[in-house]
Amino acid sequence: MRLVFGEQDTPYEAARVVVLPVPYDLSLSFLPGARRGPEAILLASRELEPFLLELGIAPEEAGIHAAEPVPWVAGSAEESHRLIREAALAHLQAGKFLVALGGDHSITHPLVLAHREALGEFSLLHIDAHADLYPEWQGSPYSHASPFHRLLLEGFPLVQVGIRAMDRDSLRLARERGVALFPAHRLHREGLPLKEILAALGKRVYISFDFDALDPSLMPSVGTPLPGGLSYRQAVDLLEAVFAEKEVVGMDFVELSPNGQFHAEMTAAQLVYHAIGLKALKAGWLAPEGEHS
Ligand SMILES: [Mn+2]
C-alpha cells in the first residue's frame with residue numbers, strides 16, 4: 001500500500017519533490033528493523049503541522065508525492081541495490097527532487113550513483129554517528145558499515161559530520177583520501193564550525209543523514225545508538241546553512257528503526273519535512289508568508 005507524506009499528496013506529474021521509501025535493511029549488523037523506517041516516517045508525517053513557523057511556509061505546497069516503496073530481493077544485496085538505483089534514476093530523469101527514506105545506510109551507495117548518472121558531479125555531506133568507512137563488514141561490501149568506503153574509492157569528495165565511532169584504519173583512510181572530518185566531540189566543544197564545513201563542500205551537495213547522528217536521548221529508535229550526538233537544533237542549523245549556501249541535489253534519511261517510541265518517529269518526520277522546506281525556499285518554489293516571489 002502506498003502511504004503519503006503529510007496531509008496533502010500531490011499527483012506525480014505535478015510534484016516537485018518525490019519521497020522514495022526504501023525499506024531495505026538486510027545489511028544491518030546489530031538491531032534489525034530499519035525496513036520499517038519509511039512507513040513510520042510517513043505515518044508520523046500525517047501528524048505534523050503543515051505550516052512551518054520557522055520557515056514561514058507550508059513545504060507540502062511545493063508539491064510532494066510519496067512514491068511506491070522500492071522492492072528488495074531476498075538473499076541478494078546486489079540485486080536489491082540495482083532496484084534502488086533504477087527506481088531513483090527514473091524519478092531523477094523525470095526531473096524530481098528526490099528524498100529517499102531508509103532503510104539501512106547501504107542504500108546510500110546506489111542512490112548516490114543514480115544521482116551522479118542523472119545530475120553529474122557533487123560532493124557528499126554525510127551526517128552520522130559512524131564513519132561507515134569499512135571496506136566490508138561481516139564479509140559483505142554491501143554492508144551498512146561500508147557505503148562511504150565505496151563512494152570514496154569512486155572519487156566522491158566526502159565531508160563527515162557528527163562522527164563518534166571510527167576505527168584506526170578508517171581514520172587513516174580518511175586522512176589519506178582527504179575526507180573533511182568534523183567529529184561530534186569537536187561540535188560539542190566549539191559549536192558547529194559551519195564556515196569550515198561549507199568551505200569543505202563543493203557547490204553541489206548530496207546529503208546523507210543517518211538518524212543516529214542525533215543524540216539517542218532524542219532519537220532512541222536506531223539500530224546502532226551512540227551517546228554524544230547532535231541536538232535537533234544543531235542538525236537543523238547545519239541543514240539550513242548547507243541549503244542556503246549550496247545547491248543540494250538530493251538527500252536520504254536512513255536507519256530509523258521504529259521501536260514504539262513515537263516521539264522519535266515524529267522527530268524524524270519533522271526533520272525530513274524541514275529539509276524539504278529548505279529546498280523549497282532555496283529553489284524559489286515557495287516564498288515565506290508576507291513576501292512575494
Ligand atoms: Mn550510523
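Just so it is clear, the structure is predicted and the values come from calculations on it, not from any experiment.

**Regarding the overall build of the chain**
For step 1, the next point in the chain: Across its full length, the chain carries nine helices and eight strands.
For step 2, the next point in the chain: Relative to its length of 293 residues, the chain is compact, with a C-alpha radius of gyration of 17 Å against a globular reference of 19 Å.
For step 3, the next point in the chain: In terms of overall dimensions, the chain has C-alpha extents of about 50 × 45 × 40 Å along its principal axes.
For step 4, the next point in the chain: Here the chain holds 293 residues, and the buried ones make up 54% of them.
For step 5, the next point in the chain: Put simply, 77% of the contacts in the chain that link residues at least 6 apart link residues at least 24 apart.

**Side note on helix 1 (residues 37-45)**
For step 1, the next point in the chain: Burial analysis of helix 1 places seven of its nine residues in the buried class, the great majority of the element.
For step 2, the next point in the chain: For helix 1, the complete set of buried residues consists of G37, P38, A40, I41, L42, A44 and S45.
For step 3, the next point in the chain: Looking at the buried positions of helix 1, the neighbouring elements they touch are strand 1 (17-22), strand 2 (64-66), strand 3 (97-102) and helix 9 (262-282).

**Describing the environment of G120**
For step 1, the next point in the chain: Relative to the assigned elements, G120 resides in the loop between helix 3 (108-119) and strand 4 (123-127).
For step 2, the next point in the chain: Classification of G120 by C-beta neighbours within 10 Å gives exposed; the count is 9.
For step 3, the next point in the chain: Through-space distance from the C-alpha of G120 to that of V249 is 9.6 Å; in sequence the pair is 129 residues apart.

**Structural notes on the pairing of strand 6 (residues 180-183)**
For step 1, the next point in the chain: Taken together, the four bridges between strand 5 (residues 158-163) and strand 6 define a ladder with parallel strand orientation. Residue pairing across strands places V159 opposite A180, the latter belonging to strand 6.
For step 2, the next point in the chain: With helix 5 (residues 168-176) bridging strand 5 and its parallel neighbour strand 6, the resulting β-α-β unit is right-handed.

**Describing the sheet that holds strand 5**
For step 1, the next point in the chain: With parallel pairing, the eight strands of this open sheet are ordered in space as 2-1-3-8-7-4-5-6. Each having just a single partner strand, strand 2 and strand 6 make up the two edges of the open sheet. Across the sheet, the axes of successive neighbouring strands diverge by a mean angle of 15 degrees, strand direction being ignored.
For step 2, the next point in the chain: Summarising the sheet, strand 4 and strand 7 (residues 204-210) pair through five bridges and their orientation is parallel. Within the sheet, the bridge partner assigned to L125 lies in strand 7 and is I207.
For step 3, the next point in the chain: Across the face of the sheet, helix 1 comes into contact with strand 1, strand 2 and strand 3 while running at roughly 115 degrees to strand 3.

**Notes on the packing of helix 1 against helix 9**
For step 1, the next point in the chain: The interhelical angle for the contact between helix 1 and helix 9, taken along N-to-C directions, is 80 degrees, at an axis separation of 8 Å. In terms of axis orientation, helix 1 runs roughly perpendicular to helix 9. Contact residues: helix 1 offers A40, I41, A44 and S45, while helix 9 offers E265, M266, A268, A269, V272 and Y273.
For step 2, the next point in the chain: Tallied by class, residues from the contact of helix 1 with helix 9 come to eight nonpolar, one polar and one charged.

**Observations concerning the environment of E247**
For step 1, the next point in the chain: Structurally, the position occupied by E247 is in strand 8 (residues 247-254).
For step 2, the next point in the chain: Overall, E247 belongs to the partly exposed group, with 15 C-beta atoms counted inside 10 Å.
For step 3, the next point in the chain: Considering only alpha carbons, one finds E247 and L153, 94 residues apart in sequence, at a separation of 23 Å.
For step 4, the next point in the chain: Filtering out sequence-adjacent residues up to four positions away, E247 remains in contact with K203 and R204.

Rules used throughout
Residues numbered from 1 in each chain as written. Predicted model: local features only at pLDDT ≥ 70, side-chain atom pairs only at ≥ 80, totals over all residues. Helix = DSSP H or I, 4+ residues; strand = E, 2+ residues; numbered from the N terminus. Rg over C-alpha atoms; globule rule 2.2 N^0.38 Å. Buried ≥ 20, exposed ≤ 12 C-beta atoms within 10 Å, placed from the backbone. Contact = placed C-beta atoms within 7 Å. Pairing = 2+ DSSP bridges. Right-handed = clockwise from strand over helix to strand, strands pointing away. Axes fitted to C-alpha atoms, helices over the stretch in contact; angles between N-to-C directions. Parallel < 35°, antiparallel > 145°, perpendicular 65-115°, else oblique. Nonpolar A, V, L, I, M, F, W, Y, C, P; charged D, E, K, R; others polar.

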